Amino acid sequence: MLARKATSSFTAKRTLATVAASAHTFKIPVIDFSKFKTEGNPKEKQQTAEEVSAEFFQLSSEVKSTLAWEDPRSNRGYVKVGRERVTQSKDPNEIAALRNKAPDFKESMEIGRDWDSEWKNMWPREADAPAFKQTMLNFYQTCHNLHVDVMRSIALGLNLGERFFDDKIDEQCHNLRLLSYPPVKRSILEGEGQARAGAHSDYGTLTLLFQDSVGGLEVKNPHTGQFIPATPIEGTIVVNVGDLLARWSNDVLRSTLHRVVAPPAKKINDEETMTPARQSIAFFCNPNFKANIACLPNCGDKPKYPAVNAGDYIIGRLAVTYN
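- The name an unreviewed UniProt entry assigns to the protein chain is Fe2OG dioxygenase domain-containing protein, from the organism Leucocoprinus birnbaumii.
- What UniProt states about the protein chain under its Sequence similarities (unreviewed entry) heading is, verbatim, "Belongs to the iron/ascorbate-dependent oxidoreductase family."

### Observations regarding the overall build of the protein chain
Reasoning step 1: On a plain count of helices and strands, the protein chain comes out with seven helices and 17 strands.
Reasoning step 2: Carbon and sulfur atoms provide 49% of the accessible area of the protein chain, an area that totals close to 14,900 Å².

### Things to note about the side chain of Glu107
Reasoning step 1: Note on placement: Glu107 falls in strand E4 (residues 107-111).
Reasoning step 2: At 2.4 Å, the side chain of Glu107 and the side chain of Tyr78 are in polar contact.
Reasoning step 3: Once residues lying within four places of it in the same chain are set aside, the contact partners of Glu107 are Phe57, Lys64, Tyr78, Val79, Lys80, Val81, Leu178, Leu179 and Ser180.

### With respect to the layout of surface pockets
Reasoning step 1: Taken as a whole, the largest pocket encloses approximately 600 Å³ of empty space.
Reasoning step 2: Elements with a minimum of two residues in the lining of the largest pocket: strand E5 (175-181), strand E7 (197-200), strand E8 (206-211), strand E12 (258-260), strand E15 (278-285) and helix H7 (310-319).
Reasoning step 3: Here the residues of the lining of the largest pocket sort into 20 nonpolar, 15 polar and nine charged.

### Considerations on the sheet that holds strand E13 (residues 266-267)
Reasoning step 1: Strand order across the open sheet formed by three strands is E6-E14-E13, with antiparallel pairing between neighbours. The strands lining the two open edges of the sheet, one partner per strand, are strand E6 (184-185) and E13.
Reasoning step 2: Pairing of E6 with strand E14 (residues 273-275) involves two bridges; the strand directions are antiparallel. From the neighbouring strand, Lys185 faces E14, where its bridge partner is Met274.

### Section: the side chain of His147
Reasoning step 1: In this fold, His147 is placed in helix H4 (residues 132-157).
Reasoning step 2: If we ignore the near neighbours within four places in the chain, the residues touching His147 are Ile169, His174, Thr205, Leu206, Cys285 and Asn286.

### As for unusual backbone geometry
Reasoning step 1: Positive phi is not limited to glycine here, since Asn159 has a value of about 60 degrees.
Reasoning step 2: Turning to its location among the elements, Asn159 is positioned in the loop between H4 and E5.
Reasoning step 3: On the accessibility criterion, Asn159 (63% relative accessible area) is exposed.

### Quick look at H7
Reasoning step 1: Buried residues of H7: Ala310, Gly311, Tyr313, Ile314, Arg317 and Leu318, and no others. Projected down its long axis, H7 carries its buried residues within an arc of 165 degrees, all on one side.
Reasoning step 2: Against the buried residues of H7 lie helix H6 (243-248), strand E16 (292-293) and strand E17 (308-309).
Reasoning step 3: One side-chain oxygen of the residue at the start of H7 lies 3.0 Å from the amide nitrogen of Gly311, identifying that residue as Asn309.

### Let's talk about the packing of aromatic side chains
How two aromatic rings sit relative to each other is set out by the distance from centre to centre and by the angle between their planes.
Reasoning step 1: Under the definition given, this model contains eight aromatic pairs.
Reasoning step 2: Considering the side-chain rings of Phe56 and Phe57, the 5.2 Å spacing of their centres and the 80 degrees angle between planes classify their relative orientation as edge-to-face.
Reasoning step 3: Residue class for Phe56 comes out buried when judged on its relative accessible area of 1%.
Reasoning step 4: Every member of this aromatic cluster is reached through a ring pair, and the members are Phe56, Phe57, Tyr78, Trp123 and Phe132.
Reasoning step 5: Above the ring of Phe227, the side-chain terminus of Arg259 is found at 4.0 Å from the ring centroid.

### Brief notes about the pattern of salt bridges
Reasoning step 1: Under the definition given, this model contains 12 salt bridges.
Reasoning step 2: Notably, a salt bridge pairs Arg177 with Glu110, separated by 2.7 Å at the nearest N-O pair. Of this pair, Arg177 sits in strand E5 while Glu110 is found in strand E4, placing the two residues 67 residues apart along the sequence. Judged on exposure class, the residue Arg177 and its partner Glu110 are both buried.
Reasoning step 3: The partner of Lys304 in a salt bridge is Asp251, and the shortest N-O contact between them spans 3.7 Å.

### Details of H4
Side chains three or four residues apart in an α-helix point the same way, a direct result of the helix having 3.6 residues per turn.
Reasoning step 1: Taking 1.5 Å as the rise per residue, H4 with 26 residues should run 38 Å; its terminal C-alpha atoms sit 37 Å apart, in good agreement.
Reasoning step 2: The positive-phi residue at the C-terminal boundary of H4 is Asn159, with phi of around 60 degrees.

### Examining the environment of Asn269
Reasoning step 1: Summarising the element assignment, Asn269 is placed in the loop between E13 and E14.
Reasoning step 2: You can call Asn269 partly exposed: its relative accessible area is 39%.

About the thresholds
Residues numbered from 1 in each chain as written. Predicted model: local features only at pLDDT ≥ 70, side-chain atom pairs only at ≥ 80, totals over all residues. Heavy atoms only, no water. UniProt positions renumbered as here; feature names shortened; annotations may be inferred. Helix = DSSP H or I, 4+ residues; strand = E, 2+ residues; numbered from the N terminus. Areas by Shrake-Rupley, 256 points an atom, 1.4 Å probe, with all protein chains shown as cover. Polar contact = N/O pair within 3.5 Å; in protein donor to acceptor, adjacent residues only side chain to side chain. Contact = heavy atoms within 4.5 Å. 1 Å grid on protein atoms, 1.4 Å probe; cavity = no way out; pocket = protein on both sides within 12 Å on 5 of 7 lines; lining within 4 Å. Points joined across faces, edges and corners; volume = space filled by probe spheres on them. Nonpolar A, V, L, I, M, F, W, Y, C, P; charged D, E, K, R; others polar. Pairing = 2+ DSSP bridges. Buried < 20%, exposed > 50% of the residue type's maximum accessible area, 1.4 Å probe, protein only. Arc of directions from axis to C-beta. Phe/Tyr/Trp six-rings, centres within 6.5 Å; stacked < 30°, edge-to-face > 60°. Lys NZ or Arg CZ within 6 Å of the ring centre and 35° of its normal. Salt bridge = Lys/Arg side-chain N within 4 Å of Asp/Glu carboxyl O. Expected span 1.5 Å × (residues − 1).

Now the structure itself:
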């Protein structure tokens, strides 16, 4: 995991938080990307997307329910509070038990590439959410372009040639996720196994996370097992390495185990406190779904993972996450 300045140099020699760090030096580095990408920054588009995202979640439950998420192959639509339970487990029965006992306290809206011939996005009516569709499509493209740039910098760092990944990520099989964590009583989140989002790694290559100032995101130190806060820093984008990039790089780049917990709560009476609402946008960057993910050249002679089809891996993980 790293935090990237929205102004824009990913230095290929700079190690990520989970690479070559001892238990005492583990930290989330802040990396300036401007020297690698000089055409500008997505800050204004990010701010617009955040504003429009917040307006979407203020729509009535009746309107949002007409856009309900239906299929892991599509991975599009609205997900109500409690429907998802993110976890590292891949066992459907175990995940179902976790979901019943301690569901994630968040709602989301999932958006994919809009030109897909088989799976269509679930757009609200323009009258219900003015400018929502076009704003999200513009932001989707901005995030894809950033994904290409970061993957090019990673390719250079792995001595693969700058454009090594270009034809493996050009179909834009990504997922733009708008997230809303509603206010919730602190006592609810203090239950066993409960969190706003349980500990998990992401599935693809990278995740670009745009978070507000509320906080709650924590990252697991792989050396000690302790979680440390990924404190929001204005003007930055949090970048997580996902499972498929970890498999591709044979753990030269490790996927980041993270969770969302309750930030400081406000007292609402003598016996109870309330955790404030939190908004974030996550752009889950994925390889082309037909891509074969196997140990890359220069990443070791002994692969730690068997080769896997990117689409099969992602859909399989999604299928057991939702009810």
